[in-house]
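# Examining the three-dimensional arrangement
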Amino acid sequence: MEVEVVPVQGELNVGPQHPGSGHMRILVKLNGDIVEDCELDVGYVHRAVEKLGENRNYMHLIPLVERPAILDSIHMNMGYVMAVEKILNVDVPERALYLRSFAAEVNRIASHLYGLGILGIFIGHSTAFMWGFGDREVWLQILEALTGARVTNSYIIPGGVRRDLTPSIIEMTKKAIVYMRKKLKDWEKIFLKNPTIMDRLQNVGVMTREQAIEWGAVGPNLRASGVNFDIRKAEPYAAYSKLDFEIPVYKEGDGYARTLVRFEEMEQSMRILEQIIKDIPEGPILADRFLKQIPPIRMKKWVQGQGRIVLPGYYASFRPPRGEAAARVEASRGELFYYVVSDGSPKPYRLRMITPSYRAIYVFKNLCKGARYADIVAIYGSLDYFPPEADR
Amino acid sequence: MSQTTVQKPIDKIISELKAKGVIAKAESENRGSLEVTKDKITEIAKIMKEIGFDHVIAVTGIDFPEQQKIQVVYHVSSYSVEDLQKIIFAIKTYVDYKDPSLPSLTQIWGSAWTGERETYEMLGVRFEGHPQLSRLFLPEDFEGVYPLRKDFKIKLEGLFVDKPG
């Protein structure tokens, strides 16, 4: 008996609240189960950060710019502050630079674990989801001890950082590294070497080197396509020029390679943390120019006593000179770019924020074309796309 | 001419551009910028791509209501040329309120796709030749014209909110 196969064409709405889409709608045009075209409807969490940025003082913007990617808030914070520092022309003391790298790497591990967990649940591996969120907690607690906040840390301020490292945090970090190294082996066994995961990710959403460059992919997605580009190496910021680490690069460009890059970056981050703990120099954690503004009583009680910066009120409304600055950092998901234009008032004239997931919109749209419908979630998860970060 | 000193990558680009009749300036070791009129922007983009700038990081629109102008800034950088990786170059151009249109650079740099679309919906700059110029971030029932123009005011609460009555 012959079975007649009738080609079925149609459109399908995925999301806006769907396990495979998050806060975004994907309008998929299907032919059978092959995706012919996909239209992304982003913007369900649009917070208008750029517009609000024109109505807030520079300091008041710090908690706002980290909001789009709460699980990567140190990087969001650092990129913005670096742009403001360029306009203000402030030099940051050495110890503060090391502390910035420290916080950023702890955050990178936490963010990658989140990404792996989400990828796990997308392709039906709920153990990865629970492990990812459980292991992330270890790193979040370090950040909590260091910055005083769990997710939106607002740790980095123009000229330095808000709090100093304590021996107990160093102890916590050492323990966390030992724990994570052990746990990464388990991760490898249960997740990376899992035949189901390999089947769902290998040769799925393949992006060649040329495509990655043309579409402007960033971060682990770019490096999984064979482009050796990391801002920590290309244009070192914080303490990265003094730290020794490697950039994992893969040629395959498929979902599995993207996962492997993120997985290996965690080990590199831990290497960086170990070096920072060993080499961190003594010294102030805020630029002299701002330290002088702190009244003597506060200086004695908070800064010298507890290693915390309690700023005077007028610090919040400083007026930078006219000018513009472009700063970028390597956030967990890739290149994060800030462009700040100042007209001499206490508020930015224009704040431009280009996040890694924003740049992944076009990549995702192109990767979906020609994929199978069931692979959309795998592509989505492997790109580590975070909707609030994309629409800001 | 003999050059004994090692040229910095940014200076090299600027002299390369100068040879092609484009005036650009270096702002620091890793940042450069140039200003063009809108009829020349495609030409400049092609030259920049030849030099090795292969992707657009950001497309930014800045509103200047006093001059009735919008500035559009393309930040470009490179992945494939190692010397250019650390450099970000800004290509700046102005459009008038009366005719806010620019040729789209998506044919040259595919990565300008998202940025141009956003600049269109937020500031009303039309990019001629963009394959899909429509709203991306704003809700479908959004009212008001272009949110990132300066005449679009948002309601702000004061530090102290008066209680009614």
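All values derive from a computational prediction rather than experimental measurement. (Residues numbered from 1 in each chain as written. Chains lettered and ligands numbered in written order. Predicted model: local features only at pLDDT ≥ 70, side-chain atom pairs only at ≥ 80, totals over all residues. Heavy atoms only, no water.)

If you tally the helices and strands in chain B, you get three helices and seven strands. For chain B, the N- to C-terminal ordering of α and β elements is α-β-β-α-β-β-β-β-α-β. Computed over the C-alpha atoms, the radius of gyration of chain B is 19 Å, more than 25% above the 15 Å expected from 2.2 N^0.38 for a compact globule of 165 residues. Projecting the C-alpha coordinates of chain B onto the three principal axes gives extents of approximately 80 × 40 × 30 Å. Within chain B, the proportion of its 165 residues that are buried is 52%. Sequence separation of 24 or more characterises 55% of the internal contacts of chain B that already satisfy a separation of 6 or more. On chain B, roughly 8,800 Å² of surface is accessible, and the fraction owed to carbon and sulfur atoms is 51%. Taken together, the 22 basic and 25 acidic charged side chains of chain B have centroids lying 3 Å from each other. (Helix = DSSP H or I, 4+ residues; strand = E, 2+ residues; numbered from the N terminus. Rg over C-alpha atoms; globule rule 2.2 N^0.38 Å. Buried < 20%, exposed > 50% of the residue type's maximum accessible area, 1.4 Å probe, protein only. Contact = heavy atoms within 4.5 Å. Areas by Shrake-Rupley, 256 points an atom, 1.4 Å probe, with all protein chains shown as cover. Lys, Arg positive; Asp, Glu negative; His and termini not counted. Charge placed at Lys NZ, Arg CZ, Asp CG, Glu CD.)

Each helix and strand counted, chain A has 16 helices and 10 strands in total. Taking 392 residues into account, the globule formula puts the C-alpha radius of gyration at 21 Å, and chain A, at 22 Å, falls close to it. Dimensions of chain A along its principal axes, counting C-alpha atoms only, are 90 × 45 × 35 Å. Residues counted as buried form 61% of the 392 residues belonging to chain A.

A few words now on the interface of chain A and chain B. Facing 48 residues of chain A, the contacting portion of chain B comprises 49 residues. Each partner contributes to the roughly 3,700 Å² buried at the junction of chain A and chain B, and carbon and sulfur atoms together form 54% of this total. Three residues stand out in chain A for area buried against chain B, namely Lys-51, Tyr-349 and Tyr-362 of chain A, and they jointly supply 17% of the buried area on that side. The interface formed by chain A and chain B holds six salt bridges in total. One salt bridge connects Lys-92 of chain B with Glu-324 of chain A, and the closest N-O pair in it is separated by 2.9 Å. At the boundary of chain A and chain B, one finds 23 residue pairs in polar contact (both at pLDDT 80 or more). Listing elements by their share of the side of chain A that touches chain B, those giving two or more residues are strand S5 (34–41), helix H1 (49–53), helix H8 (209–215), strand S8 (323–331), strand S9 (334–342), strand S10 (350–354), helix H14 (356–368) and helix H16 (387–391) of chain A. Per-class residue counts for the side of chain A that touches chain B are 23 nonpolar, five polar and 20 charged. (Buried area = accessible area lost by both parts, 1.4 Å probe. Salt bridge = Lys/Arg side-chain N within 4 Å of Asp/Glu carboxyl O. Polar contact = N/O pair within 3.5 Å; in protein donor to acceptor, adjacent residues only side chain to side chain. Nonpolar A, V, L, I, M, F, W, Y, C, P; charged D, E, K, R; others polar.)

Residues and elements named next belong to chain B. Considered for burial, the residues of helix H2 (residues 41–51) that qualify are Ile-41, Ile-44, Ala-45, Ile-47, Met-48 and Ile-51. Buried residues in H2, looked at end-on, bunch into an arc of 160°, giving them a common side. Where H2 is buried, its residues contact helix H1 (9–19), strand S2 (31–35), strand S4 (69–77), strand S5 (88–96) and strand S6 (101–103). Once H2 ends, the next one or two residues include Gly-52, with phi positive near 135°. (Arc of directions from axis to C-beta.)

Turning our attention to the pattern of salt bridges. Residues and elements named next belong to chain A. Following the criterion strictly, the structure yields 37 salt bridges over all chains and no others. Its salt-bridge partner being Arg-150, residue Glu-137 comes within 2.8 Å of it at the nearest N-O pair. Placement of Glu-137 in helix H5 (residues 126–147) and of Arg-150 in the loop between H5 and strand S6 (156–157) is noted, with a sequence separation of 13 residues between them. Overall, the relative accessible area of 26% leaves Glu-137 in the partly exposed class.

In this structure, Trp-139 of chain A together with Phe-89 of chain B are the most contacted members of the largest nonpolar core, which totals 194 residues. Of all the elements, helix H4 (residues 94–122) of chain A adds the most residues to this core, at 15 residues. Among all residues touching Trp-139 of chain A, those that are not within four sequence positions of it are Val-106, Ile-109, Ala-110, Leu-113, Ala-176, Ile-177, Met-180, Met-270 and Leu-273 of chain A. (Core = buried A, V, L, I, M, F, W, Y, C linked by side-chain atoms within 4.5 Å.)

All names here are of chain A. In space, the three strands of this open sheet follow the order S8-S9-S10, with antiparallel pairing throughout. The outermost strands of the open sheet, each flanked by one partner alone, are S8 and S10. When strand polarity is set aside, the average angle formed by the axes of neighbouring strands in this sheet is 10°. With five bridges connecting them, S9 and S10 associate as antiparallel partners. Note on S10: the bridge partner recorded for Tyr-339 is Arg-352. Seen against the sheet, helix H3 (residues 73–88) touches S8, S9 and S10 and runs at an angle of roughly 150° to S8. (Pairing = 2+ DSSP bridges. Axes fitted to C-alpha atoms, helices over the stretch in contact; angles between N-to-C directions.)

Let's shift gears to the pairing of S5 of chain A. All names here are of chain A. Across seven bridges, strand S4 (residues 25–31) lies against S5 in antiparallel orientation. In the sheet register, Leu-27 faces S5, and the bridge partner there is Glu-39. The hairpin turn running from S4 into S5, its antiparallel successor, is two residues long, and Gly-32 in that turn takes a positive phi close to 65°.

Tracing the chain through its elements places Asn-107 of chain A in helix H4. Take Asn-107 of chain A: its relative accessible area is 2%, and that puts it in the buried class.

Moving on, we come to the pairing of S2 of chain B. Residues and elements named next belong to chain B. The element S2 is largely enclosed, with a buried count of four among its five residues. Taken together, the three bridges between strand S1 (residues 24–26) and S2 define a ladder with antiparallel strand orientation. Counted as the bridge partner of Ala-26 is Gly-32 from S2. Two successive antiparallel strands, S1 and S2, enclose a turn made up of four residues. One ladder, built from five bridges, connects S2 with S5; its direction is parallel. Across the sheet, Ser-33 pairs through a bridge with Ala-90, a residue of S5.

What follows covers the sheet that holds S4 of chain A. Residues and elements named next belong to chain A. Spatially, S1-S4-S5 is the arrangement adopted by the three strands of the open sheet, whose pairing is antiparallel. Each having just a single partner strand, strand S1 (9–14) and S5 make up the two edges of the open sheet. The sheet shows a mean angle of 20° between the axes of neighbouring strands, direction not considered. Two elements, S1 and S4, share six bridges in a ladder whose sense is antiparallel. Note that in S4 the partner of Asn-13 across the bridge is Leu-27.

Mapped onto this numbering, the UniProt entry gives "domain: NADH-quinone oxidoreductase subunit D" (unreviewed entry) at residues 123–392 of chain A. As annotated, residues 123–392 of chain A comprises 51% helix and 10% strand, and the C-alpha atoms at either end are separated by 26 Å. (UniProt positions renumbered as here; feature names shortened; annotations may be inferred.)

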